[in-house]
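Residue-level structural notes
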Amino acid sequence: MSADLEHIRQVMREADCLHNEAEVEAAIVRVGVEISEKLSESNPVVFCVMNGGLIFAGKLLTQLQFPLEASYLHATRYRNQTSGGDLFWKAKPEVSFIDRDVLIIDDILDEGHTLSAILDFCRHAGARNVYTAVLIDKDHDRKASPDLKADFTGLSCVDRYVFGYGMDYKGYWRNANGIYAVKGL
């Protein structure tokens with residue numbers, strides 16, 4: 001076994017569980033109810049932000065028992081850099097959302113620069129209303145703008161490096177069945 005893989009396993013062994021599977025699943029059901037109350041009559045287009053939003057979106061979509069169109073998008077501001085720049089589309093939305101309500105599903109609202117850029121893109125492209133659903137809202141004061149909040153939030157967490165339920169640690173542990181924080185980070 002490679003040293004890198006052993007390090008990845010050690011990170012999980014030492015991680016602090018912030019929210020266990022039952023807490024996360026209950027939050028997903030609650031968010032599904034909230035979204036259903038708000039959007040069930042609006043024929044929304046629902047976009048999963050790849051890759052982080054995949055697990056949350058998959059579980060959340062099964063809670064939404066009304067007609068909707070589901071698609072995905074993949075955007076980044078980093079392009080292999082450590083600081084963000086302009087929005088770079090790895091996969092642009094392929095479903096038209098002109099005059100439609102749009103729901104963007106993502107794993108985490110950390111600082112929110114990429115999410116803000118996606119929201120601006122949707123608004124400028126003709127969406128009637130743009131809503132956001134995030135599994136985790138990280139509690140800190142470094143948001144892209146002071147008023148940046150998701151419309152639907154599953155859970156909040158402390159300002160640490162978290163992984164699980166779609167969020168990764170160096171590309172691993174998106175599949176972890178809880179929300180974990182890396183020891184010391």
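This write-up is about the structure you can find in this document. (Residues numbered from 1 in each chain as written. Predicted model: local features only at pLDDT ≥ 70, side-chain atom pairs only at ≥ 80, totals over all residues. Heavy atoms only, no water.)

1. Quick word on helix H3 (residues 54-61)
Restricting attention to buried positions, one finds in H3 the residues Phe56, Ala57 and Leu60. All buried residues of H3 project into a common sector of 95° when viewed along the axis, lining one side. The secondary structure elements touched by the buried residues of H3 are helix H2 (21-39), strand E2 (45-49), strand E5 (101-109) and strand E6 (129-138). (Buried < 20%, exposed > 50% of the residue type's maximum accessible area, 1.4 Å probe, protein only. Helix = DSSP H or I, 4+ residues; strand = E, 2+ residues; numbered from the N terminus. Arc of directions from axis to C-beta. Contact = heavy atoms within 4.5 Å.)

2. Re the pattern of salt bridges
Inspection of the entire model under this criterion finds 12 salt bridges. Arg13 is the salt-bridge partner of Glu6, the closest N and O atoms lying 2.5 Å from each other. A relative accessible area of 54% means that Arg13 is categorised as exposed. A cluster of three or more residues bridged by salt bridges with shared partners is formed by Glu111, Arg142 and Asp159. (Salt bridge = Lys/Arg side-chain N within 4 Å of Asp/Glu carboxyl O.)

3. Observations regarding the sheet that holds E6
Spatially, E4-E3-E2-E5-E6-E7 is the arrangement adopted by the six strands of the open sheet, whose pairing is mixed. Pairing within the sheet leaves two strands with one partner each, and these edge strands are strand E4 (88-91) and strand E7 (152-157). For this sheet, the mean inter-axis angle between neighbouring strands, taken without regard to orientation, is 30°. When strand E3 (residues 69-76) meets E4, the two strands line up antiparallel, connected through three bridges. By the bridge assignment for E4, Thr76 is matched with Phe88. (Pairing = 2+ DSSP bridges. Axes fitted to C-alpha atoms, helices over the stretch in contact; angles between N-to-C directions.)

4. A look at the pairing of E2
E2 sits mainly inside the fold: five of its five residues count as buried. Judged by which residues are buried, E2 turns out to be covered on both faces: Val45, Phe47 and Val49 on one side and Val46 and Cys48 on the other are all buried. As paired strands, E2 and E5 are joined by four bridges and run parallel to one another. Paired with Val46 across the two strands is Leu103, which belongs to E5.

5. Quick word on the environment of Ala75
With respect to the element layout, Ala75 can be found in strand E3. Look at Ala75 and you get buried, because its relative accessible area is 9%. Separated by 27 residues in sequence, Ala75 and Val102 have C-alpha atoms that sit 16 Å apart. Residues within four places of Ala75 in sequence aside, it is in contact with Leu87, Phe88, Trp89, Lys90, Thr114 and Ile118.

Bear in mind that shape data such as this cannot, by itself, settle questions of function.
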